[in-house]
Amino acid sequence: MIGAHLHVHSAFSFLEGASLPQDLVRVAAEEGISTLALTDLHRVSGIVPFLTEASALGIKAVVGAEVELLDIGRIVLLVPDTAHYSALVNILSEAHLLAPRKTPYVTWDTLNRWGKGLMVLTGDRMGAIMRAWFRGQKMFMGELLDRFIEIFGTGHVFIELPANYLPGDSALFRVLTDLSQWKNVQTVVSAAAHYARKKDFATFDLLTSIRLGQKIEDVGPGRYLNAENYIKPWQAIVTSLAQWPEALRNTLALAERLQTPQILHKRRTPHFPLPPKTSAFEYLRSQVVAGMRWRYPRNARDVWPRIQHELNIIESLGFTEYFLVVWDIAHYARQKGIRFAGRGSAADSVVAYCLGITDVDAYARNLLFERFMSPERQEMPDIDIDFDTRYRDDVIAYVQDRYGEAHVARVATYQTFRQRSAVREIGKVLGFPALELDRLVKSLPEASLSQIVARWDEIPELRQYAERPMLQKIIEWASHIEGLPRHIGTHLGGVVISHEPLSMISPREISHKGVQIIPFDKRDVEALGLLKLDLLGLRTFTAVEIANQAIQQSTPTFVYDEIPLDDEATYRTLRQGDGIGVFQLESPAQRSLAVKLEPDRWEDIVASLALIRPGPIKGNMVDPFIARRKGQEPISYLHPALEPILSKTYGVVLFQEQVIAIASTLAGFTPGESDALRRVMTHARSVEDMRELGQKFLEKAQARGIDPEIAQAAFQQMVGYASYGFNEAHAAAFAATAYRTAYLLTHYPTEYFIGLFNAEPLGYYPLDVLMVEARRRGVEIQPIDINASAVKAQKSGTHRIRMGLAFIKRLGIELAKNIVARRPREGYKTPRQLRSCGLNESQIMVTIQIGAWDETGLSREALIDELTLPDGLVLTSKISSQKTPSPIEQNLWDYQHCGFGQHQQWMAPWRNLLTQQGFVPINALDHLPAGRFVRCVGLLIRPHRPPTRSGKIVVFFSLLDETGVLEARLGPDGYQKFGHLLFGPRNPVIVVAGRIGQKSLDVRAISVWNGPG
């Protein structure tokens, strides 16, 4: 291998690169390139996959970045070794933190502080030296070189000659060569690559057009003239720059000098401030012992060996201080009264339970710690904690204050071109009309764009378009950018804490949310050795706390955390499929499962959360589980030793922990080895890997006296279910909240719906559905009132909820607060008073249109008239003969300005007409026999096409009227006929006809309902 590319952009240059870092490396390997640098614009976000792939393929990987020197031009910075990596990190941090967001640049001061020892290339035609030439600043070119040499050092500055076959290159390169001889600076060559292969130029050109906001046919200085900015074979560069052999030799010599920085997979654990003369392990042990006495007051001695086992693994893997940090955060939240709960595989840990991080008793449930951590896996522990959304940022602020801003930052997410955004952007630059493009985007099914093109004729919502060739062209080009990074965002709750200052590890920048982030996602921060915590916001906890406070106003003795787990009425609610509003159990699939499963115990809730997943559904696990649970099918075990493991799931392998336990019990695998086995099975490794695993399992099982046929059958059962299995600890963690919210819905519907309304958006269903459910449960919804409403929804009677001012779309929370804070004791008398609250005329008009002034006794006509009078004038008479708006007119205003029917649901005014036309209200279906053919009209809610066992497309959707929610199913043939009415631009009100099923409708026909006539 020979040759070097030292100026290369990937897709992490955001619209200035068209290939992922790993693809660039693969192409370089194919072309025999020995050294490759990644020099993305103002960032190093792509270096983890870049370094990883280069190491695998034997290519020397050099880390660098291109930066914009303020008012001068770009330069390429290269890191010569590990020691100088932090210098580049600090330059990039200052480029982002000291400049306006989205327009980073470096200054001479920044380069003076951090540039010493880095290598610098002068860049291509966007570079500082060439830009000076094109500006006619010949003397300035020499001055720039002098300054670069002063900053970076002699022998660290190189003039770049890019092999891009551009007009005027020969003359320009002669000037640059003369300049290099004058200043005793070496020249080097590059391809200034922005994509991997020559054929990728078209994709790059489209991305460039997106960046410039141009159509593809537009001509401008920002567009590249040819397809020469790719990873060329070294011989192609030698041929194109044969006149400059010294530059070619210098490039190879520089590549020899540059070394790959060793920055991956170094453990960078956080530091916990300890009491004097106390080790981290001693302090952790003392906190766990205290927690053990709290959690296990009667059987601490029985639990202690398990705790010791976990503590020993935690200490041996070097995560002691990490656990102390997580304990500290949980302790802070508990002290502040912030509701939280740990979840995920961390709930497999008794130590986490004793520290108060999780609320799942892993000892009582016999959960395996090795599913969370094991010596064999040597991976970072993954601890997720959900907090009441209102206070999640307070918790993160505590972490930053406690451990120092230099050591704490949020994790980034790479916002990629997704299906719809890719089509929108490509359609725009190809000149497709905006309205037509919007219709197309809304019609796209959930599949990759390449799959959509291949299956065009099978998708009814696309067949309706006459412009097929043009649309297919758009989608085909969009598929080339689908998945490429578009810009950087903030992870919902990912936080890294490092003992080592982050300035040694990663650049930092300000995100759109105004917080400091490191520009790596959750996978890459682990590769960098940083430990990540997920401090997430859960709106359900917000709803629970609001409901809890409302309940305690009338029932002071109520304690949410002491809700009994055996309440028959709560289980009855779930069995009847009435769980709309219940955390994790409200989706149509979950409610349908509940009707079939008929839950009456805690374990049924845990199992339900694991069953409704793509894996169990595709693997046909749901029906056998239900049949065994209900005694309709015998429960059997391949071996008596499996009964303690599988009895809770009736002989079905449902949880990942069960796979680990089976391997340990039958074959004598250590728990860590068993988890490694599970992971290989889960990720569907090669046939050879599976064969070797099976052979090892069979040999070890037979050595323990297990019959070979039983061992083989057990292994096949594990293989069949491992990829579908769910984490039991996670299911158990969510089950507590799921059950308790079902209890609130059953016994305190008014207070619980107040919580749900005020925590929106959350859950599966929109607010309009929740309001129908509240009314169905006997809760009266009172509309927004200018003098009676608070900011949010509040209880206004035993079974009444008054909607709050913040629910008006055009107001928002701050203006709603102003209205309440400035409200006169006697109440508002005229809409003009709202001007002092910061509302403009159109916002005030909205309050009149939604009826917020109706209780004042003033007609809306008079209110509008007075609003339009000049200041100082008032109407002498406020009596009007204007009629009150009709229910239909009021609904129009409510849905336009609030998004829901605060006076009544959309279909209510039409009920008499619908009955005359033979349409059945949704609540009447419960009293009709199964199989009856009916027609219903309602609002279309959440049509979707989930994976099915057969692979055929089946559509599920909800239909809403004023009496309730109907879950509907449209089969494959029906989808081909009526799919275009459910997806894409659509009328929100549809007619469905079909046969009644169990809490559902098997749809045979769909049409649009356009009102009377």
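Residues numbered from 1 in each chain as written. Predicted model: local features only at pLDDT ≥ 70, side-chain atom pairs only at ≥ 80, totals over all residues. Heavy atoms only, no water.

Trainee: So what's going on with the overall build of the protein chain? Residues and values would help.
Mentor: Tallying secondary structure elements over the protein chain gives 41 helices and 22 strands in all. By its C-alpha atoms, the protein chain is 90 × 90 × 65 Å across when sized along the principal axes. The proportion of buried residues among the 1013 residues of the protein chain is 57%. A separation of at least 24 residues holds for 71% of the contacts in the protein chain among residues at least 6 apart in sequence. For the protein chain, the accessible surface area stands at approximately 41800 Å², while carbon and sulfur atoms represent 51% of it. (Helix = DSSP H or I, 4+ residues; strand = E, 2+ residues; numbered from the N terminus. Buried < 20%, exposed > 50% of the residue type's maximum accessible area, 1.4 Å probe, protein only. Contact = heavy atoms within 4.5 Å. Areas by Shrake-Rupley, 256 points an atom, 1.4 Å probe, with all protein chains shown as cover.)

Trainee: Lay out a nonpolar patch on the surface in plain terms, naming residues and giving numbers.
Mentor: On the surface, a nonpolar cluster with roughly 240 Å² of combined accessible area is contributed by Leu97, Leu98 and Ile510. Tracing the backbone shows Leu97 in helix 3 (residues 85-97). With relative accessibility at 32%, the residue Leu97 sits in the partly exposed group. (Patch = residues over 30% accessible without salt bridge, like charges linked within 9 Å, V, L, I, M, F, W, Y side chains within 5 Å. Salt bridge = Lys/Arg side-chain N within 4 Å of Asp/Glu carboxyl O.)

Trainee: Residue-level account of the sheet that holds strand 16 (residues 794-797), with values.
Mentor: Two pairing modes exist for strands in a sheet, parallel and antiparallel, and in both the strands are linked by backbone hydrogen bonds. The strand order across the open sheet formed by 3 strands is 15-17-16, and the pairing between neighbours is mixed. Edge positions in the open sheet fall to strand 15 (780-782) and strand 16, since each of these has one partner strand only. When strand polarity is set aside, the average angle formed by the axes of neighbouring strands in this sheet is 35°. Looking at chain direction, strand 16 and strand 17 (residues 800-802) are connected through 3 bridges and run antiparallel. Along strand 17, the bridge assignment pairs Gly797 with Arg800. (Pairing = 2+ DSSP bridges. Axes fitted to C-alpha atoms, helices over the stretch in contact; angles between N-to-C directions.)

Trainee: Lay out the pattern of salt bridges with the relevant residues and their values.
Mentor: Tallied over the full model, the rule gives 53 salt bridges. Put simply, Glu16 and Arg211 hold a salt bridge, and the shortest N to O gap is 4.0 Å. One end of the pair, Glu16, is in the loop between strand 1 (4-5) and helix 1 (21-30); the other, Arg211, is in helix 8 (residues 201-212), and 195 residues separate them in sequence. In this structure Glu16 comes out as buried when scored by relative accessible area, which is 8%. Given the relative accessible area of 30%, Arg211 is considered partly exposed. Residues Glu751 and Lys795 are paired through a salt bridge, measuring 2.6 Å at the closest nitrogen-oxygen approach.

Trainee: For empty space enclosed by the protein, give the residues involved together with the corresponding values.
Mentor: Which parts of space are left empty comes out when a probe the size of a water molecule is rolled across the atoms. One pass over the structure, following the stated rule, counts 3 cavities of 30 Å³ or more. Lining the largest cavity are Thr573, Leu574, Gly577, Asp578, Gly579, Leu585, Gln590, Arg591, Ala594, Pro599, Ile605 and Ser608. Breaking the lining of the largest cavity down by element, the ones donating at least two residues are helix 23 (568-575), helix 24 (588-597) and helix 25 (602-611). Among the elements that make up the lining of the largest cavity, the one with the highest residue count is helix 24 (3 residues). (1 Å grid on protein atoms, 1.4 Å probe; cavity = no way out; pocket = protein on both sides within 12 Å on 5 of 7 lines; lining within 4 Å. Points joined across faces, edges and corners; volume = space filled by probe spheres on them.)

Trainee: Describe the pairing of strand 21 (residues 989-996), listing the residues and the values that go with them.
Mentor: The buried fraction of strand 21 is high, at 7 of 8 residues. Of the strand pairs in this sheet, strand 18 (residues 933-944) and strand 21 are connected by 7 bridges, and their pairing is antiparallel. Each bridged residue has a counterpart across the sheet, and for Val934 the counterpart in strand 21 is Gly994. Across 7 bridges, the pairing between strand 21 and strand 22 (residues 1001-1008) is antiparallel. Bridging from a neighbouring strand, Arg995 pairs with Asp1002 of strand 22. From the end of strand 21 to the start of strand 22, which pair antiparallel, there are 4 residues, and Lys999 there has a positive phi angle of about 60°.

Trainee: Pulling in residues and values, what's your account of the sheet that holds strand 19 (residues 955-961)?
Mentor: If you trace the 5 strands once around the closed barrel, you get 18-19-20-22-21, paired in mixed fashion. Averaged over all pairs of adjacent strands, the angle between strand axes in this sheet comes to 55°, irrespective of strand direction. Relative to strand 20 (residues 964-970), strand 19 runs antiparallel, the two being bridged by 7 bridges. Across the sheet, residue Leu959 finds its bridge partner in strand 20, namely Leu966.

Trainee: Any chance you could break down the side chain of Asp124 for me, citing the residues and the numbers?
Mentor: Relative to the elements of secondary structure, Asp124 occurs in the loop between strand 5 (119-121) and helix 5 (128-134). In this structure Asp124 is buried but unpaired, with Arg74 as the nearest side chain of opposite charge at 6.3 Å. Among the polar contacts made by the side chain of Asp124, one reaches the main-chain amide nitrogen of Met126 at a distance of 3.0 Å. Sequence-distant contacts of Asp124, defined by excluding residues within four places in its chain, comprise His7, Met130, Glu160, Pro162, Ala192 and His194. (Lys, Arg positive; Asp, Glu negative; His and termini not counted. Polar contact = N/O pair within 3.5 Å; in protein donor to acceptor, adjacent residues only side chain to side chain.)

Trainee: Now, about the side chain of Thr830: what can you tell me, with residues and values included?
Mentor: Mapped onto the fold, Thr830 is located in the loop between helix 36 (812-821) and helix 37 (841-849). A distance of 2.5 Å separates polar atoms of two side chains, one belonging to Thr830 and the other to Glu866. Apart from residues no more than four positions distant in its own chain, Thr830 is found in contact with Trp853 and Glu866.

Trainee: With reference to specific residues and values, describe the UniProt feature "domain: Polymerase/histidinol phosphatase N-terminal" (unreviewed entry) in the protein chain.
Mentor: Those residues carrying the UniProt feature "domain: Polymerase/histidinol phosphatase N-terminal" (unreviewed entry) are residues 4-71 in this numbering. The distance from the first to the last C-alpha atom of residues 4-71 is 30 Å, and the span holds 31% helix and 24% strand. (UniProt positions renumbered as here; feature names shortened; annotations may be inferred.)

Trainee: Quick one: what's the story with helix 33 (residues 728-747), residue by residue and with numbers?
Mentor: Taking 1.5 Å of rise per residue, 20 residues should cover 28 Å, and helix 33 covers 28 Å from first to last C-alpha, within 8% of that figure. Ala735 marks where helix 33 bends most, by close to 25°. (Expected span 1.5 Å × (residues − 1). Bend = angle between axes of the 7 residues up to and from the residue.)

Trainee: A description of the environment of Ile47 should follow, citing residues and the corresponding values.
Mentor: Mapped onto the fold, Ile47 is located in helix 2 (residues 47-57). In this structure, Ile47 is in contact with Leu38, Val63, Tyr85, Ile263 and Phe520, ignoring residues within four places of it in sequence.

Trainee: Lay out the packing of aromatic side chains in plain terms, naming residues and giving numbers.
Mentor: Evaluation of the coordinates by the stated rule reveals 32 aromatic pairs. Aromatic pair Trp108 and Phe148: ring centres 5.7 Å apart, planes at 40°, arrangement tilted. Placement of the pair is Trp108 in helix 4 (residues 108-114) and Phe148 in helix 6 (residues 138-152), with a sequence separation of 40 residues. Here Trp108 matches Phe148 in class, with each residue buried. (Phe/Tyr/Trp six-rings, centres within 6.5 Å; stacked < 30°, edge-to-face > 60°.)

Trainee: Describe the packing of helix 24 against helix 25, and please don't skip the residues or the numbers.
Mentor: Two numbers describe how helix 24 lies on helix 25: the axes approach to 10 Å, and their chain directions differ by 135°. As judged from the angle between their axes, helix 24 and helix 25 are oblique. Pair helix 24 / helix 25 crosses with right-handed handedness. Here Gln590, Leu593 and Leu597 of helix 24 come into contact with helix 25, specifically with Asp604, Ser608, Leu609 and Leu611. Each residue belonging to the contact of helix 24 with helix 25 can be placed in one class, and the counts come to 4 nonpolar, 2 polar and 1 charged. (Parallel < 35°, antiparallel > 145°, perpendicular 65-115°, else oblique. Left-handed = near helix turned anticlockwise from the far one by under 90°. Nonpolar A, V, L, I, M, F, W, Y, C, P; charged D, E, K, R; others polar.)

Trainee: How would you sum up unusual backbone geometry? Please name residues and give values.
Mentor: Residues Glu760 and Pro761 are joined by a peptide bond in cis, for which omega reads 0°. Within the element layout of this structure, Pro761 appears in the loop between helix 34 (749-759) and helix 35 (767-776). Here Arg942, not a glycine, exhibits a phi torsion of approximately 50°, which is positive. For Arg942, a relative accessible area of 42% translates into the label partly exposed.

Trainee: Which residues make up the nonpolar core, and what values go with them?
Mentor: Residues Leu744, Phe757 and Met803 are the most contacted members of the largest nonpolar core, which totals 103 residues. A total of 9 residues in this core trace back to one element, the largest contributor, which is helix 33. In this view, Met803 contacts Phe757, Met771, Ile781, Gln782, Ile784, Ser789, Ala793 and Phe900; residues no more than four positions away in its chain are not counted. Counting 84 residues, the second largest nonpolar core, distinct from the first, contains Val27, Leu38, Val63 and Leu111. (Core = buried A, V, L, I, M, F, W, Y, C linked by side-chain atoms within 4.5 Å.)

Trainee: Which residues make up the packing of helix 1 against helix 2, and what values go with them?
Mentor: For the pair helix 1 and helix 2, interaxial distance at closest approach is 8 Å and the crossing angle is 25°. With respect to helix 2, the axis of helix 1 lies roughly parallel. For the crossing formed where helix 1 meets helix 2, the hand is right-handed. Of the residues in helix 2, those in contact with Pro21, Gln22, Val25, Arg26 and Ala29 of helix 1 are Pro49, Phe50, Glu53, Ala54 and Leu57.

Trainee: Describe the pairing of strand 6 (residues 157-162), with residues and values.
Mentor: With 6 of 6 residues buried, strand 6 is to be regarded as a mostly interior element. Here strand 6 shows a buried face lined by Val157, Ile159 and Leu161 and a second buried face lined by Phe158, Glu160 and Pro162. As paired elements, strand 5 and strand 6 share 2 bridges and run parallel to each other. Across the sheet, Leu121 pairs through a bridge with Phe158, a residue of strand 6. In terms of strand pairing, strand 6 meets strand 7 (residues 186-190) through 5 bridges, oriented parallel. Paired with Leu161 across the strands is Val189, a residue of strand 7. What joins strand 6 to strand 7 is helix 7 (residues 169-183), and the crossover it makes is right-handed. (Right-handed = clockwise from strand over helix to strand, strands pointing away.)

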